[in-house]
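# A look at the structure
What follows is each chain in one-letter form.
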Amino acid sequence: MSRRPIHWWNPAALLAIVALVATVVLVGRALDRTDKVNVADLAAVAIAAAVAAAAVVTWARRRNTAAGHPADVTQALDVLADLVRRQWQDEARNRLLDDPEPIPVRWNLTANEAVMSTPRLISAATAFTFTGRSDDIATLARDFRTLTRRRLIITGGAGMGKTTLAIQLLLQLLSTRATDQTSASEGEIVPVPVLLPVSGWDTDAHPRLQDWLAVRLTTDYPALAAPQLGAGAAAALAERGHILPVLDGLDEIPAPTRAQVIAALNASLTARDQLILTSRRAEFATAVHEAGRPLTAAAVIVPKPLTPQAAADYLTACLPASPTEAWTHTLAALRSRTAPGLTQLAATPLGLWLIRTVYVTPGTDPAPLTGPLGADADALRTHLLDHVIPAVIAARPPSTDPADHFRPRHRLDSDATRRYLTYLARAFPPATTRDITWWHIARTTSHIRPAIGVTVGLTFGLTAVLTPMIWVGAVISGTWPGLLIGLAFGLVRATAWVNETPGFANLRLRGRTFRSFRFDTAALAFRLVAGLVVGFAFVPMLVLMTGLNPADRLTLELWLYIWLGIILAPRLITRAEQPTLESTSTPRSSRRAHRTLTLLRTIVPGLAFGLAFGLAFGLDTWLAFGLMTGLAFGFAVGPMAGLVMGNHHAWLVCTIAVTQLALKRQLPWRVMDFLDDAHRLGLLRAVGPVYQFRHAALHDHLAAASASDEPRGLGR
């Protein structure tokens, strides 16, 4: 692992700042011992010290910028590959992709030549063909590597296993990456495949794919921002072609933007850039037509419907060795095609998942599959979608055993679960997005701005009155002003807060090295100067408020403690915001990390300012009274300042919104626990910090269900 060099000018800058601080303090104490003080002289010393310190800081920062700390691309790739492998191995296990075996979907090159480039750009083979099976992913991955630029478009109808194939390919390419790297030509680096939803790409904000990849990689894999990897590791990987983007769900974004994505991909991809993209067949063909050209050098494959024999063999593998008479009859009807609706539904992986979930796993009598419903595929599909939620809840009772990956941690009610999932399906409508993001739940609620205003107002008002009562037994008259100021501020800032994205903070020491905690001396010097300027600016205000002598020791010590508070509080938060090499982003971890950031930015300023004021007052007055007074003032001002400043309100806003929705019984109080349980049951899937419904068909079905209290819908 590369080491960041320690340059001689960093310690020199810090020593210069310390010397300036010592000079100012000594001058102040010398003036304190004289009878007559020349305030102009004191101000001159302060200004001179600040100017000198600013000059030293500027010089040190320029030297640091020139020295730089380039990203360690090789280590970043290894870290990313390990994180992606663990992430999707867990997700593949939750989706039962290999249990009992992969569904044997066959894939062939599309016959629609209008959606592909000329064959010579796709493959060097004279007679180019591309065939494969989902249950033989090694062969399919090998054929993918023979493509000239390794670009593949996976298309097909609804429920045909497009995303499943993309995940299988991703895991296979990761498992053979070390071997591929050994056989690669000199200087060639085998890219790391990373699956991302296309819905997260705003081509207006990020016209180039690489720019969006850099942002999304940092969000989904915070470890890439760890100090051990250097600055801009994610951007370096994206820019140099070291990422194989697996973009899922082109058909799941609004129709006008699909052609824009096709155009942006063609403009972004160079000859070395690889790509895997999934989309429904008709939507992809329309997007290519509207874009005016296909994706350059990309092979386009389509699935074949499962034969009744293959579908029956798969269901047989899910059953005991000696199935019941009812199942024997059902499998015979499937093989003989005597139940046309069942035959049509079982021709897709989605249909097999529904049959397995509703009838095989809970051990339910499968007679309806061959009854009147068995003659109508649409009616049978609707019947299965209606019963999938109670079926999985009944089949998987809760468990606290960490080894039980497929069982929820809490007991769920079928009706409540359906009501909650229906709200989410309608609040995040399929026409807009398939992504269920916890930080956007607030967008789906009504009256969120007044709720934020009231919350902030109460926080301000109660803090203003309760803190002095707790610490010094006094009541101040700032309750109503605090309430009104907080209410006004909350109303004004509510829209911005609702649109904020999650930040990151982690107080765990595991995975952190000494280097993670090492001070950047140039940044530290910058904060020292900022504290110095604020400290001297505070002296005249204190003189006007208290009538103290400007040279009084209290004033000098007070600004010194404020100075230290300004230095130490942001430094602690900055270090906590630095991820480790093991940091990943799941829906639960991203909310937990943002909650930690919110609490840090709210509590730490209170602690820093409280201690600063407490020490300042305590050392020059009766110690206990001075400490309590200073702490009370600091704890009143610090948290309020920390609450309103910065970009760390997503957790707070989500909490307010969930409270509203829980009171209306549209979402549970512990929404993240519920979403995690739904994920464990297989009703939801996770892609980084985002949840999606396991199948788009379930999302569509619940979104179309009638509801007496319709949510606003994301973005409305």
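The coordinates are above.
Residues numbered from 1 in each chain as written. Predicted model: local features only at pLDDT ≥ 70, side-chain atom pairs only at ≥ 80, totals over all residues. Heavy atoms only, no water.

### Structural notes on the packing of aromatic side chains
Aromatic rings in a pair are described by how distant their centres are and how their planes are angled relative to each other. Cut-off, in case you're wondering: Any pair of Phe, Tyr and Trp rings, taking the six-membered ring for Trp, is counted once the centres come within 6.5 Å. Such a pair is stacked with planes under 30 degrees apart, edge-to-face with planes over 60 apart, and tilted for the rest. Numbering of helices and strands runs from the N terminus, with a helix taken as a DSSP run of H or I at least four residues long and a strand as a DSSP run of E at least two residues long.
Inspection of every chain in the model, using the stated rule, returns three aromatic pairs. Ring centres 5.2 Å apart and planes at 85° place the aromatic pair Tyr420 and Phe674 in the edge-to-face group. One end of the pair, Tyr420, is in helix α17 (residues 414-427); the other, Phe674, is in helix α26 (residues 671-680), and 254 residues separate them in sequence. Between Trp438 and Trp439 the ring centres are 5.6 Å apart and the planes differ by 90°, which places this aromatic pair in the edge-to-face class.

### Brief notes about the pattern of salt bridges
Keep this limit in mind: Salt-bridge detection follows one rule: a side-chain nitrogen of Lys or Arg within 4 Å of a carboxyl oxygen of Asp or Glu. Here the term buried applies to any residue with accessible area under 20% of the maximum for its type, exposed to any over 50%, and partly exposed to those in between, with areas from a 1.4 Å probe on protein chains only.
Using the criterion set out here, one finds 21 salt bridges in the structure. For Arg95, the salt bridge identified is with Glu91, shortest N-O distance 3.0 Å. We classify Glu91 as buried; its relative accessible area is 5%. The partner of Arg588 in a salt bridge is Asp673, with the nearest N and O atoms 2.9 Å apart. Here Arg588 is found in helix α23 (residues 587-620), whereas its partner Asp673 is found in helix α26, with 85 residues between them in sequence. The class of Arg588 is partly exposed, set by a relative accessible area of 28%. A relative accessible area of 12% places Asp673 in the buried class.

### Things to note about the packing of helix α12 (residues 308-318) against helix α13 (residues 325-336)
To keep things clear, this is the line we draw: Simply put, an axis is a line fit to the C-alpha atoms, just over the touching stretch for a helix, and the angle between two N-to-C directions goes from 0 to 180 degrees. Roughly parallel means an angle under 35 degrees; roughly antiparallel, over 145; roughly perpendicular, 65 to 115; everything else is oblique. For any pair of crossing helices, the crossing counts as left-handed if the nearer helix is rotated counterclockwise from the farther one by less than a right angle, and right-handed if it is rotated clockwise. Here, residues are in contact when the closest pair of their heavy atoms is within 4.5 Å. Residue polarity is assigned by list, with Asp, Glu, Lys and Arg as charged and Ala, Val, Leu, Ile, Met, Phe, Trp, Tyr, Cys and Pro as nonpolar; anything else, Gly included, falls into the polar class.
Packing of α12 against α13 leaves a shortest axis separation of 8 Å and a crossing angle of 160°. Here α12 lies roughly antiparallel to α13, going by the angle between them. The two elements α12 and α13 meet at a crossing, and its hand is right-handed. Contacts from Pro308, Gln309, Ala311, Ala312, Asp313, Leu315 and Thr316 in α12 reach Leu331, Leu334 and Arg335 in α13. Among the residues making up the contact of α12 with α13, the classes are represented as six nonpolar, two polar and two charged.

### Observations concerning the packing of helix α16 (residues 377-395) against α17
Geometrically, a packed helix pair is captured by the angle between its two axes and the distance between the axes. The geometry of α16 relative to α17 is characterised by a closest axis approach of 9 Å and an angle of 125° between their N-to-C directions. The angle between α16 and α17 places the two elements in the oblique class. Here α16 and α17 pass one another in a crossing that is right-handed. On α17, the residues touching Leu385, Asp386, Ile389, Pro390 and Ile393 of α16 are Ser414, Thr417, Arg418 and Leu421. Tallied by class, the residues present in the contact of α16 with α17 amount to five nonpolar, two polar and two charged.

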